[in-house]
Amino acid sequence: MNEPLIQRHWVALAAPKVAPAVATSTVLILGRIWNTNGAEHSVGNAALMVVLAAGAATAGAFAAAGRAGDPVIAGTAFATSGGLALAGVAGYADSLPLPLLLWAVATAAAYGLAARYWRTDRRDTVAYERQSTVRREEHGHIERVELLRSRTQIEVARETSTGYADALAQALTVRAALPGFDPQALTRAGLPELPAAEQ
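Since the structure is predicted, the reported quantities are computational estimates derived from the model, not experimental observations.

This part is about the overall build of the protein. Scanning the protein from N- to C-terminus turns up 5 helices and 0 strands. For the protein, the sequential pattern of α-helices and β-strands runs α-α-α-α-α. Buried residues in the protein amount to 14% of all 199 residues. As presented, the protein carries roughly 14900 Å² of accessible surface, and 66% of it is formed by carbon and sulfur atoms.

Below, the discussion takes up the pattern of salt bridges. Overall, the coordinates contain 2 salt bridges when judged by the stated rule. Residues E155 and R158 are paired through a salt bridge, measuring 2.9 Å at the closest nitrogen-oxygen approach. Of the two residues, E155 and R158 are both situated in helix α4 (residues 97-177); the distance of 3 residues between them amounts to about one turn of the helix. Relative accessible area serves as the criterion here: at 47%, R158 is assigned to the partly exposed category.

A word on the environment of A90. Locating A90 in the fold gives a position in helix α3 (residues 71-92). Distance from A90 to E40, taken between C-alpha atoms, is 8.8 Å for residues 50 residues apart in sequence. In contact with A90, not counting residues within four places along its chain, are L28, G31, R32, N35 and P99.

Moving on: α4. In this model, α4 (81 residues) spans 117 Å end to end at C-alpha, consistent with the 120 Å of a helix rising 1.5 Å per residue. Burial in α4 covers these residues: P99, T107, A114, S132 and G140.

So, about the confidence of the model for the protein. Keep in mind that low pLDDT regions are not for reading the predicted coordinates in detail. Of the residues in the protein, 85% have a pLDDT of 70 or more, and the chain-wide mean is 78. Mean pLDDT values for the elements of the protein range from 72 in helix α5 (residues 183-188) up to 86 in α4.

Following the sequence through the fold, L48 ends up in helix α2 (residues 43-65). For the pair L48 and L84, spaced 36 residues apart in the sequence, the C-alpha separation amounts to 9.7 Å.

With respect to the element layout, L86 can be found in helix α3. What makes L86 buried here is its relative accessible area of 5%. A C-alpha to C-alpha distance of 10.0 Å links L86 and L101, two positions 15 residues apart in sequence. Setting aside chain neighbours within four positions, we find L86 in contact with T24, V27, P99, L102, W103 and A106.

Analysis parameters
- Residues numbered from 1 in each chain as written.
- Predicted model: local features only at pLDDT ≥ 70, side-chain atom pairs only at ≥ 80, totals over all residues.
- Heavy atoms only, no water.
- Helix = DSSP H or I, 4+ residues; strand = E, 2+ residues; numbered from the N terminus.
- Buried < 20%, exposed > 50% of the residue type's maximum accessible area, 1.4 Å probe, protein only.
- Areas by Shrake-Rupley, 256 points an atom, 1.4 Å probe, with all protein chains shown as cover.
- Salt bridge = Lys/Arg side-chain N within 4 Å of Asp/Glu carboxyl O.
- Contact = heavy atoms within 4.5 Å.
- Expected span 1.5 Å × (residues − 1).
- pLDDT = per-residue confidence, 0-100.

Next up, the structure:
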């Protein structure tokens, strides 16, 4: 009936909200570091990034087009493809405006995709909380009904036992009042001694 209270740390609550920005910013920073280390105008490096991005996009397309396509694998492959493309442009470009523009577009797209999953997750969480509340209310109602029933049964048993005790006391009184009643005869017969009748 009692469920544990779970209080999540504010960092755990904020981490999913900043993850897309952190991911795209990390790719941009790594691409610019790669640029300063010789990737600028390097045809080989640009070709490598094009091949890697195209391969990741192809893997995502195959994962999405499969009969039982796994959306997580497809999304991961497309995100990898976009990240590789952004890293390639950030590493190959002369100036910073084009990589920053692509970073802004990639971050907006990542938040757009993440918002969809956040809404789905929120809907699932709300539905689970509703079901838990309904279940908790049903169990509470059943417990209250059973508590009332048990109290009623206890009261009925108490009244019944009181009635039996009164009837037994009356029977003993009436029997003791009968002419020729000898309580000692019952004791001699091996029966337990009855209390003496009050006169």
